[in-house]
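Descriptive analysis of the structure
Okay, here's what each chain looks like letter by letter:
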Amino acid sequence: MFKNYLVTAWRNILKNGMFSAINILGLALGLMSCILISLFVREQVGYDKWLTDSDRVVRMHTAYYRAGTPPFLTVRSAGNFMEAVRDYATAEVEEGTRLISFGASVIKDQNATAERVNLVDPSFFDVFDLPFVYGAKENAFKKPFDLILTEETAIKYFGKTDVVGETLTLCCAGPEPSELTVTGVVKDLPKATHLSLDLIVLVPPALIENNPGLNTWTSVNVYTYFKMRDGVSIEDFQERLTYWVDNESPLSKDIEPETKVSDGMKHKLMALEDIHLHAKKDAGTMGDLSPLGDATMITAFSIIAGLILVIACINFMNLATARASQRAREVAMRKVLGASRKQVTIQFLGEAVALVFISLLVALVLVELVLPIYNQVLGSKLELSLFTDVSLLGAILAVGLFVGIGAGIYPALYLSRFLPGHILKSNKSSESGKTANFRTLLVVFQFSASIALVICTAVIFTQTRFAQSVDVGYVSDNKLILQINGMGDARESLRQELLNLPEITSVVFSSEAPSQDNENNAYFSLLDGDELASQEQIVNYHNMGYGFFEAYEVAPIAGRLFNQDYGSDEISDNENGDLPANASAVINESALAKFGFANAQAAIGQTLEANIRGQQHLTIVGVIPDIYFRSIKFGVRASIYTLNPQRFSVASLSFNTNNPAALRNRIEQIWRELMPTQPISLRFLDGMMEAQYNDERIQSSLFSAFSILVIVIACLGLYGLAAFTTERRTKEIGIRKVMGASVKDIVSLLVWQFSKPVLIANIVAWPLASFAMITWLENFSYRISALYLIPICIGVGFILLMIAWATVGANASAVARANPINALRQD
């Protein structure tokens with residue numbers, strides 16, 4: 001019997017070649033899309049779960065809140081918290097560790113390489129139990145600056161992995177280069193981790209104790225992790241932490257009566273396994289140890305995968321039920337010869353499963369072909385390892401079986417219910433109106449999902465283009481950004497050497513370049529202002545050198561810019577004890593309202609008080625327009641610009657040349673002569689600004705690709721239904737032509753029949769897609785108007801209708817042009 005089922009299924013596939021091809025191709029495209037999305041989602045949700053006891057590790061995030069000011073969010077914390085919390089919450093915490101990540105130069109054989117170095121506490125490997133290849137966790141950290149490498153890093157510098165006892169030179173965690181001794185090598189970390197641990201260095205206690213930025217309760221410069229004891233929940237630990245901060249921490253000693261530390265400074269614990277997808281909402285603009293994922297994006301693509309698979313299954317169901325009349329007599333004969341309804345159901349379910357597994361084989365081939373392009377778009381290294389990943393193979397086979405049964409169950413039940421007496425008597429299968437209406441409903445669902453997805457794609461694309469086309473308030477063309485951290489006295493020599501190049505028109509220094517906003521905040525208060533304006537305000541600030549605004553073509557709307565001729569603009573160390581030092585400041589338009597100025601001119605000459613290199617009085621000498629220092633997703637904040645050379649870490653190079661590659665080579669040569677032990681970091685500003693919208697570009701690209709696939713799959717099904725309909729109405733079409741109907745009349749009749757479900761689908765899809773996109777656009781401070789959705793919805797609906805017309809019309813036209821005599825001669 002089983003052999004008979006297989007033979008019958010194979011003959012049916014070959015006999016109905018076109019419909020089988022449509023089903024196989026549609027299902028293959030659906031399964032391919034589902035597999036590709038699943039590989040991506042599987043990687044994203046699996047971040048850090050491979051770590052031992054990952055469910056017990058949490059990280060502490062910090063957020064500052066102040067009335068009238070956007071919250072300052074960060075995934076970091078103050079340096080003193082780890083030890084204090086660990087020693088206080090002993091019932092909840094087994095161990096804690098800090099991680100300080102910074103860029104440095106690693107020197108080997110006179111070659112300098114830029115690396116990300118991680119300073120950690122001795123307890124690091126008690127929290128993160130990484131597998132050692134050489135050395136041991138117990139002996140890894142015996143003295144300050146002991147160094148642990150990954151296998152890949154060991155091979156990079158030494159050409160082998162057994163490198164315990166070897167040394168590397170680090171420049172510069174301190175005033176002088178440090179020689180680091182390798183005491184262990186750990187296995188390479190999987191890509192699915194938020195950690196970036198190529199070089200792990202034991203932090204010297206003196207480095208934290210003697211560094212004001214680390215030995216602090218308020219300045220957030222470290223990543224703090226805790227390993228909880230067995231049975232302790234994050235909620236219990238969070239409650240304990242908040243109580244300590246509000247009642248027993250050093251911060252609580254200076255708080256005003258009837259207020260709590262947590263009113264303005266919150267410390268939130270996040271599970272290690274949640275960091276990759278959920279830490280973005282806490283990260284502000286300071287970033288994390290590695291690029292973060294997006295839980296919303298994962299949810300969206302999971303929904304898309306499900307929709308694509310459902311649409312492919314609908315194609316199968318529609319075509320199977322539509323062709324029921326072709327197999328009605330077969331079913332009747334089987335029942336007359338003794339087959340039960342159960343056996344007929346199993347026969348058709350088996351055919352469905354067989355068809356799905358043929359589609360699955362095609363889908364796997366397509367995945368292998370498409371995967372390199374898919375990885376390139378995602379910037380990932382996803383692999384389809386069916387023979388080594390048993391869980392993945394099992395999941396794919398289970399999905400194939402589920403899809404086969406799910407797509408085939410309704411056609412199987414529908415076909416198996418035919419009554420042989422009725423069928424053999426009438427020589428046909430009388431299709432009920434309910435079945436036809438059900439198919440129409442499924443077509444409406446298909447095109448509703450397709451139209452909604454295309455609308456979402458169009459909105460994402462439009463918003464991304466809008467974000468990139470917004471006037472940022474400065475000229476970003478022909479700019480190179482050079483990192484100058486640690487240059488010291490060589491900074492001015494570099495400037496002079498660069499200005500000697502004829503292509504360089506200006507070299508200016510600053511603490512950040514556009515798109516590098518590091519969320520610098522300090523307390524500022526306005527002297528001689530009213531009661532509200534005189535209160536301390538948390539305000540973002542940047543440090544700009546002479547000529548910075550001129551180089552970026554930012555003109556003041558009142559007052560002046562920083563100018564060496566005045567001799568009073570620069571911030572210097574306060575050496576006058578209780579008397580504040582004096583310097584100048586430039587503010588933006590948003591800061592005017594924050595400090596209560598009626599207009600820009602009213603701010604000129606007013607004085608701000610702040611604690612920057614000691615107590616400072618900053619005279620406002622100029623007001624500039626609001627400029628976007630970061631993605632427009634975050635909007636413009638009130639900002640104060642000062643001139644503090646100690647904070648300069650970036651040089652902006654304006655150039656005028658048609659050969660920027662040759663200019664880069666000359667700049668690199670000058671750098672090597674001045675800084676032989678430090679690798680150069682030189683980037684085009686345009687590229688840095690475009691990178692701010694990388695997530696949106698990836699979303700737009702993937703949405704576009706999967707939207708096209710959804711349309712193709714839906715149109716394949718529509719084409720199959722149209723072909724079947726015209727086949728069934730061949731005699732009718734022949735009679736209409738004999739009675740004088742033109743080809744245009746017949747095509748219009750058939751096209752209109754399939755236009756109605758597409759038009760209904762537009763009515764369903766427009767409000768759903770609009771609601772989803774309006775919600776998504778709320779993530780952007782500056783966004784396209786919701787009114788743009790009207791032309792987008794109409795345009796998408798019209799395009800999909802044209803595609804449906806073309807799909808149906810191509811088939812209808814061929815039938816309508818046929819000789820009616822042939823149609824009338826059919827049995």
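Residues numbered from 1 in each chain as written. Predicted model: local features only at pLDDT ≥ 70, side-chain atom pairs only at ≥ 80, totals over all residues. Heavy atoms only, no water.

Let's shift gears to the overall build of the chain. Looking only at helices and strands, one finds 28 helices and 23 strands in the chain. Out of the 827 residues belonging to the chain, those deemed buried represent 52%. For the chain, the share of sequence-separated contacts (at least 6 apart) that also reach a separation of at least 24 residues comes to 78%. (Helix = DSSP H or I, 4+ residues; strand = E, 2+ residues; numbered from the N terminus. Buried < 20%, exposed > 50% of the residue type's maximum accessible area, 1.4 Å probe, protein only. Contact = heavy atoms within 4.5 Å.)

Moving on: the nonpolar core. Residues Y374, L384, F447, V459 and F706 are the most contacted members of the largest nonpolar core, which totals 89 residues. Where this core is concerned, the elements lending two or more residues are helix 2 (17–45), helix 12 (295–322), helix 14 (341–378), helix 15 (390–416), helix 17 (433–469), helix 24 (694–728), helix 26 (743–777) and helix 27 (789–816). In contact with L384, not counting residues within four places along its chain, are I35, L39, L364, V367, E368, L371, L392 and I396. (Core = buried A, V, L, I, M, F, W, Y, C linked by side-chain atoms within 4.5 Å.)

Empty space among the atoms becomes apparent when a probe as large as a water molecule is rolled across them. Summed over all chains, the structure comprises two cavities of 30 Å³ or more. Computed from the structure, the largest cavity encloses a volume of approximately 90 Å³. If you trace the largest cavity, you find 11 residues lining it, with I627, F629, V636, R637 and S639 closest to the centre. The volume enclosed by the second largest cavity comes to roughly 30 Å³. Around the second largest cavity, the lining residues are I304, L307, I308, I311, A449, S450, L453 and V710. Of all the elements in the fold, those that place two or more residues in the lining of the second largest cavity are helix 12 and helix 17. At four residues, helix 12 tops the list of elements feeding residues into the lining of the second largest cavity. Of the residues assigned to the lining of the second largest cavity, the class counts are seven nonpolar, one polar and no charged. (1 Å grid on protein atoms, 1.4 Å probe; cavity = no way out; pocket = protein on both sides within 12 Å on 5 of 7 lines; lining within 4 Å. Points joined across faces, edges and corners; volume = space filled by probe spheres on them. Nonpolar A, V, L, I, M, F, W, Y, C, P; charged D, E, K, R; others polar.)

This part takes up helix 8 (residues 234–247). Between its terminal C-alpha atoms helix 8 stretches 20 Å, which fits the 20 Å expected from 14 residues at 1.5 Å a residue. In this fold, the buried residues of helix 8 make contact with strand 1 (57–66), helix 3 (81–88), strand 4 (93–108), strand 11 (220–228), helix 9 (261–264) and strand 12 (265–271). (Expected span 1.5 Å × (residues − 1).)

Bringing the sheet that holds strand 14 (residues 504–510) into the picture now. Taken in spatial order, the four strands line up as 14-22-13-23 in an open sheet, and their pairing is antiparallel. Taken across any chain shown, the strands that pair with only one partner, and hence form the sheet edges, are strand 14 and strand 23 (682–684). Each neighbouring strand pair of the sheet contributes to a mean axis angle of 25 degrees, computed without reference to strand direction. In this structure, strand 13 (residues 479–483) lies alongside strand 22 (residues 650–655), joined through five bridges in antiparallel fashion. The residue bridging L480 from the neighbouring strand is L653, located in strand 22. (Pairing = 2+ DSSP bridges. Axes fitted to C-alpha atoms, helices over the stretch in contact; angles between N-to-C directions.)

Let us look at the packing of helix 18 (residues 490–499) against helix 22 (residues 660–674). Orientation of helix 18 relative to helix 22, taken along the N-to-C sense of each, is 150 degrees, at an axis distance of 10 Å. With respect to helix 22, the element helix 18 is oriented roughly antiparallel. Here helix 18 runs over helix 22; the crossing is right-handed. Touching S493, L494, E497 and L498 of helix 18 are I667, I670, W671 and L674, all from helix 22. (Parallel < 35°, antiparallel > 145°, perpendicular 65-115°, else oblique. Left-handed = near helix turned anticlockwise from the far one by under 90°.)

Honestly, that's just the spatial picture; any functional story needs more than this.
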